[in-house]
Amino acid sequence: MERLEEITQLLEGGDLPLEKSIELYTEGLEISKFCDDQLGTAEKRVKVITEKQGKMIEEDFADEEL
């Protein structure tokens, strides 16, 4: 995340040559995809424990209504 923030600051600065901007943008996309994949994996593993009819039940994270 720190590297992604650094890349964002560099790109927002507007002082980079086009080729370097494209390189950093590509790196940022790769980092973003990696983070998204990691989050997706973690969400699949998260269980929400609820009480139904006096019993503790585990439900998948995705089953919870937001």
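Above this text you will find the structure in question.
Below is a summary of the structure that appears in this document.

Cut-offs applied
Residues numbered from 1 in each chain as written. Predicted model: local features only at pLDDT ≥ 70, side-chain atom pairs only at ≥ 80, totals over all residues. Heavy atoms only, no water. Salt bridge = Lys/Arg side-chain N within 4 Å of Asp/Glu carboxyl O. Helix = DSSP H or I, 4+ residues; strand = E, 2+ residues; numbered from the N terminus. Buried < 20%, exposed > 50% of the residue type's maximum accessible area, 1.4 Å probe, protein only. Expected span 1.5 Å × (residues − 1). Contact = heavy atoms within 4.5 Å.

### So, the pattern of salt bridges
A pair can form between side chains of opposite charge whenever their charged atoms are brought close. Here the structure, examined in full by the defined rule, presents four salt bridges. In this structure, the salt-bridge partner of Glu6 is Arg3, at a minimum N-O distance of 2.8 Å. Of the two residues, Glu6 and Arg3 are both situated in helix α1 (residues 2-13); the distance of three residues between them amounts to about one turn of the helix. The class of Glu6 is partly exposed, set by a relative accessible area of 40%. The closest approach of N and O atoms between Glu23 and Lys20, which form a salt bridge, is 3.4 Å. Of the two residues, Glu23 and Lys20 are both situated in helix α2 (residues 18-45); the distance of three residues between them amounts to about one turn of the helix.

### Considerations on α2
For the α-helix, the turn length of 3.6 residues means that residues three or four positions removed from each other point alike. Under the 1.5 Å per step criterion, the end-to-end length of α2 is 41 Å for 28 residues, consistent within 8% with the ideal 40 Å. Inspection of α2 places Leu24, Gly28 and Ile31 among the buried residues, and these make up the whole buried set. Residues of α2 that are buried in the fold lie against α1.

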